[in-house]
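# Tertiary structure, described
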Amino acid sequence: MSDLIKKAISLGVGLTVVSKEKVEKVVDELVKRGEVAPSESKALVDRLIERGEEERSVFKSAIQEQVQRVLKDLNVPAKSDISALEGRIAVLEQRLAELEGISREGTQPVEGIAPDTHTD
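Residues numbered from 1 in each chain as written. Predicted model: local features only at pLDDT ≥ 70, side-chain atom pairs only at ≥ 80, totals over all residues. Heavy atoms only, no water.

## Quick notes on unusual backbone geometry
- Phi at Asn75 is positive, roughly 60°, even though this residue is not glycine.
- Looking at where Asn75 falls in the secondary structure, it is placed in the loop between helix H3 (38–73) and helix H4 (79–104). (Helix = DSSP H or I, 4+ residues; strand = E, 2+ residues; numbered from the N terminus.)

The structure is reproduced here in structure tokens:
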């Protein structure tokens, strides 16, 4: 296998950012130079594209893992943590509204909760 073909195949990692059209152009150039048989060009393009997609997937996973690690190290709360806290706040707001409603109706004030004295 020629050096040019070896370089093209080793560029599979670089295919994470290369379009199919660019791969086809490189392979067409290899065909013109006689480095690849025309009958093999489609298979080579397909292999290079497939390898690029695999590398892209591996790269994406690695980046996601690294970002998660950094966020954890910085103590940034996860979306699920924030959602759980929002739910708890909503429950507390509802309970507070109910308790304020009871005290406004002229019944006994609830212990530990000051009556709302401001006027609208």
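And the narrative resumes.
## Considering the pattern of salt bridges
- Applying the stated criterion across every chain yields a total of two salt bridges.
- Between Glu29 and Arg33 there is a salt bridge; the shortest N-O distance is 3.5 Å.
- Overall, Glu29 belongs to the partly exposed group, its relative accessible area being 35%.
- Between Lys42 and Asp46 there is a salt bridge; the shortest N-O distance is 3.2 Å. Of this pair, Lys42 and Asp46 both sit in helix H3, four residues apart, which is roughly one turn of that helix.
- For Lys42, a relative accessible area of 58% gives the class exposed. (Salt bridge = Lys/Arg side-chain N within 4 Å of Asp/Glu carboxyl O. Buried < 20%, exposed > 50% of the residue type's maximum accessible area, 1.4 Å probe, protein only.)

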